[in-house]
Each structure stands twice: as structure tokens, then as C-alpha cells.
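# Overview (structure and organization)
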Amino acid sequence: MLRLLMTAAVFAMATAHVVTLGNARYLPIIVVLGLIVVLGKRIYLPADRWWYQLGCGLFILASAVPSFLYGNKLAYAYVAFGILNFVTYPIFERIRLTNLHLLIILAGLTLTLVPLSVGRRVVSLYGNPNNYSAVVFSTMYFGMLLFRGRLLLQLGVLAVFSYLIFIGASRSMLGAMGVFALLYFGQAYLLRRTLKWVLVAGFLVTSFGYYSLITSDEFRIMETIQANTYSDKRERGLSHRDALFYQSLKLVGERPTGYGLGMSNTALRDRFGEQISPHNTYLKVAVEGGVLALVGFLVLILGFWLSSTSPLASSFLFALMLRGFFESATPLSLSLISGMLILPMFLNERTVRTGYRLRFFEPAERSAA
């Protein structure tokens, strides 16, 4: 039963991206998470994952303080579900999914990605093209996981989902897809090892490159991106991300303890005259949870890279971290893209079960209960 609920949780997290449903879009994942906790009973936290407990713990504790001091009901909910996700994500490693569960997830999510129309920008169930591309990239991960070790099938998955991201016109996600492909196939098939320190060094170099792009673009990164952009975004440059960068830094400087989870839009409204996201995962975490919350998030990510033996999860999360410089997501919240910031740490080619069994009850689950 837990495997079925975990499969349902992925669909429920994707539903959180359907903005036309309003706040009702969060109900499915709330219900599924509640059932997982009730039926799982004993929550599993791996004792040797110090970076998970330290990183998530620091993020939750640091962001809880401003959330309760300056936030609203939304901020309180973020904290509550952050704690809930913290204790439920590791179940994906203990109660392992089979190939059939992965196939159900891949097929079901792919159906929701069929474009309703394609013009200058794709129209889909997920509305915002950035939402659409985020779900596309997340779905791709399950396809690569299902066909692990089968090169031609994985190349087919990569081609299909690269096309979907291309029509979604998300430059950051298209770049992330290219980085993922190079890293994953290089590690899994050529080197046959996970490049732990290379990923950390690559992240630091990318951080410097992003800062250069936002502040001066002395290396003409934006010029290169625009020259190779084939959509209506070609002339939009950074889409005001440079202004958001500076204003977000000012907010962090004025209140380094944070404004409360989910409150960055409100904090930036006074600067821009409308509610707007920082369009940067790291700045969003720092603005909302404070500097210590950002430190916790980085401990989580860097700790995983330095201990991971999964080329797939390491490559995927590296690409997602690059995307984080240009789009926002809150760790431990309810959407699929937020879940995929952590879920691959516990759901990867080292933890899935070979086979196509679909049972309502397993001996391991009964003993866990």
C-alpha cells in the first residue's frame, strides 16, 4: 500500500502546479502525505545521512522563526509541511518502488504534458510555461530511472523531453537539460563513477558565472544565450532578474533572519509595485528563511553530492541547482519541482527494485507497520 501511496504522491505534487485550481491544487498532496504518515507509522531517518538531518533541520528551524514572527497562515503551513516532508521523503529509500510504479508515474505524467496548443508559447494543463517545463524535467527523471542501464531507451527519453522543454521555451530548463545529459552519460557510461568533487567545483564556478552575468556580463554570457534563443524570449534578456537580484540582496541585508516562508512576493511588492518572485531559488530561501536557512539548504545539497554514488541523481540535482539561479522553488514544500530538489536523494538507480510487481501489501511493509 505504501508504494501505491508514494506513486500517488508524485501525481499529487504535480497537481500543485495546476494554478487554475487555486489553493485546491494542494489538497491531493496533503491527503496523500497524511495517509503515508498514518500507514507508515514508523518514520525512517537514515542515521548516516548527517547532511540530510543537519541541512533540513537548519533550514526548517531557521525559517520557522521569521515565519511565525512576520508571516501569515501561508508561512505557518510552509513550516508544517516542511517538517512533514522532512520525515516522509526517506521512505522512498526504505519502501522501494518497482519498475511498474515508475512506469505508471512516467506514463501518467507524460499524458498531462501533451500540449493543448503550440504557438509562440506552449499552452498546457500547467499554464505557465515555466511550470510546464519544470514538470517536463521532473518527468524525464522518472523515465531515465525506469530505463536505467539501457542506453538507447534513455537517449529516446532525453530526446522526447528535450523537445517538450524546447516548445516550452524555458531557456534555463533547456540549459539544465543539456548539462544533465553531459554529466549523466559521462558519469554513467564513460567514466562509470560519480564525480563528487567535480560537481561541487562546477557549482562554485557556475555561481561565479551567474554573479558575473547579473552584475556586468563581462564574459558576454547573455549575448550568447540570446543568439541561440529561438522564441519570443530572444529580446527579453534577463527579464528584470538583475533588478530582482539587487533588491533581494537588499532585503536580505535589511533582515538577515528572513521574512517568513512564502513571504518573498510580499516583501518584493513594496519594491516593484506588484507581487513577484525573486526568480532565484537561493535568494528566495535567503529572503524568506534567512541566511541560516540558505546555509542549511547548501549543506543538504553539497552533502549529498559528496556522498552520492548515483550518477543519475547527482547529475539531475546539479542541473536543477543551475536552474535555481534563474527560477524559484522552496525546498520541502508541496510542488513537484520542490520535491525533486530532495526526492532523488532517496529515489535513484541504487534504491529502486527491479521487477514489475504491483501488490497492495508487501511483507516488508507489514513489518514496518
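Above this text sits the structure in question.
Parameters at a glance
- Residues numbered from 1 in each chain as written.
- Predicted model: local features only at pLDDT ≥ 70, side-chain atom pairs only at ≥ 80, totals over all residues.
- Heavy atoms only, no water.
- 1 Å grid on protein atoms, 1.4 Å probe; cavity = no way out; pocket = protein on both sides within 12 Å on 5 of 7 lines; lining within 4 Å.
- Points joined across faces, edges and corners; volume = space filled by probe spheres on them.
- Helix = DSSP H or I, 4+ residues; strand = E, 2+ residues; numbered from the N terminus.
- Nonpolar A, V, L, I, M, F, W, Y, C, P; charged D, E, K, R; others polar.
- Expected span 1.5 Å × (residues − 1).
- Buried < 20%, exposed > 50% of the residue type's maximum accessible area, 1.4 Å probe, protein only.
- Phe/Tyr/Trp six-rings, centres within 6.5 Å; stacked < 30°, edge-to-face > 60°.
- Lys NZ or Arg CZ within 6 Å of the ring centre and 35° of its normal.
- Polar contact = N/O pair within 3.5 Å; in protein donor to acceptor, adjacent residues only side chain to side chain.
- Contact = heavy atoms within 4.5 Å.
- Salt bridge = Lys/Arg side-chain N within 4 Å of Asp/Glu carboxyl O.
- Axes fitted to C-alpha atoms, helices over the stretch in contact; angles between N-to-C directions.
- Parallel < 35°, antiparallel > 145°, perpendicular 65-115°, else oblique.
- Left-handed = near helix turned anticlockwise from the far one by under 90°.

## As for the layout of surface pockets
One way to see where empty space is left: roll a probe the size of a water molecule over the atoms. Its volume calculated, the second largest pocket comes out at about 260 Å³. What lines the second largest pocket is a set of 15 residues, and nearest its centre among them are Asn 280, Tyr 282, Leu 283, Leu 294 and Phe 325. Secondary-structure elements contributing two or more residues to the lining of the second largest pocket are helix H10 (196-215), helix H12 (241-254), helix H14 (281-289) and helix H15 (291-307). Element by element, the count of residues in the lining of the second largest pocket is highest for H10, at 4 residues. Taken together, the residues of the lining of the second largest pocket sort by class into 13 nonpolar, 2 polar and no charged.

## Side note on helix H1 (residues 2-15)
Taking 1.5 Å as the rise per residue, H1 with 14 residues should run 20 Å; its terminal C-alpha atoms sit 20 Å apart, in good agreement. Of all 14 residues that make up H1, 10 are buried, and the element is covered over most of its length. Residues of H1 that are buried: Leu 2, Arg 3, Leu 5, Met 6, Thr 7, Ala 9, Val 10, Ala 12, Met 13 and Ala 14.

## Side note on the packing of aromatic side chains
For the structure on display, the rule yields 23 aromatic pairs. With 6.2 Å between their ring centres and 85° between their planes, Tyr 184 and Tyr 189 make a pair best called edge-to-face. The rings of Phe 203, Tyr 210, Phe 245, Tyr 246, Tyr 282, Phe 297, Trp 305, Phe 318, Phe 325 and Phe 326 are connected pair by pair, giving a single aromatic cluster. Positioned above the aromatic ring of Tyr 70, the side-chain terminus of Arg 255 is 3.9 Å from the ring centre.

## A closer look at the side chain of Asn 85
Inspection of the secondary structure assignment puts Asn 85 in helix H4 (residues 73-88). Within the structure, the side chain of Asn 85 is placed 2.9 Å from the backbone oxygen of Leu 332, a separation counted as a polar contact. Other than its neighbours up to four places away in sequence, Asn 85 contacts Leu 33, Tyr 52, Leu 332, Ser 333 and Leu 334.

## Notes on the pattern of salt bridges
Evaluated as defined, the whole model comprises 2 salt bridges. Where Glu 93 meets Arg 49, a salt bridge forms, and the shortest distance between an N and an O atom there is 2.5 Å. Placement of Glu 93 in helix H5 (residues 91-94) and of Arg 49 in the loop between helix H2 (27-40) and helix H3 (50-70) is noted, with a sequence separation of 44 residues between them. For Glu 93, a relative accessible area of 16% corresponds to the buried category. As a salt-bridge pair, Lys 284 and Glu 288 come within 3.0 Å of each other at their nearest N and O atoms. On the criterion of helical spacing, the pair formed by Lys 284 and Glu 288 is a turn pair, its members being 4 residues apart in helix H14. Looking at Lys 284, the relative accessible area reads 9%, which means it is buried.

## Some points on the packing of helix H9 (residues 171-191) against helix H16 (residues 311-323)
It is at 8 Å that the axes of H9 and H16 come closest, and there the two elements cross at 155°. Judged by the angle between their axes, H9 and H16 are roughly antiparallel. Here H9 runs over H16; the crossing is right-handed. Of the residues in H16, those touching H9 at Ser 172, Met 173, Ala 176, Val 179, Phe 180, Leu 183, Tyr 184, Gln 187 and Ala 188 are Pro 311, Leu 312, Ser 315, Phe 316, Phe 318, Ala 319, Leu 322 and Arg 323. For the contact of H9 with H16, a count of residues per class yields 13 nonpolar, 3 polar and 1 charged.

## Quick look at empty space enclosed by the protein
Following the criterion strictly, the structure yields 4 cavities of 30 Å³ or more and no others. Here the largest cavity is characterised by a volume of approximately 70 Å³. In terms of lining, the largest cavity is formed by Ala 9, Met 13, Ile 29, Leu 33, Ile 36, Asn 85, Thr 88, Tyr 89, Phe 92, Ser 333 and Leu 334. At the level of secondary structure, the elements contributing two or more residues to the lining of the largest cavity comprise H1, H2 and H4. The element contributing the most residues to the lining of the largest cavity is H2, with 3 residues.

## Some details on H3
The terminal C-alpha atoms of H3 lie 30 Å apart, and with 21 residues this matches the ideal 30 Å at 1.5 Å per residue to within 8%. Here H3 has its buried residues at Trp 51, Tyr 52, Gly 55, Cys 56, Gly 57, Phe 59, Ile 60, Ala 62, Ser 63, Ala 64, Pro 66 and Ser 67. On its buried face, H3 is in contact with H4, H14 and H15.

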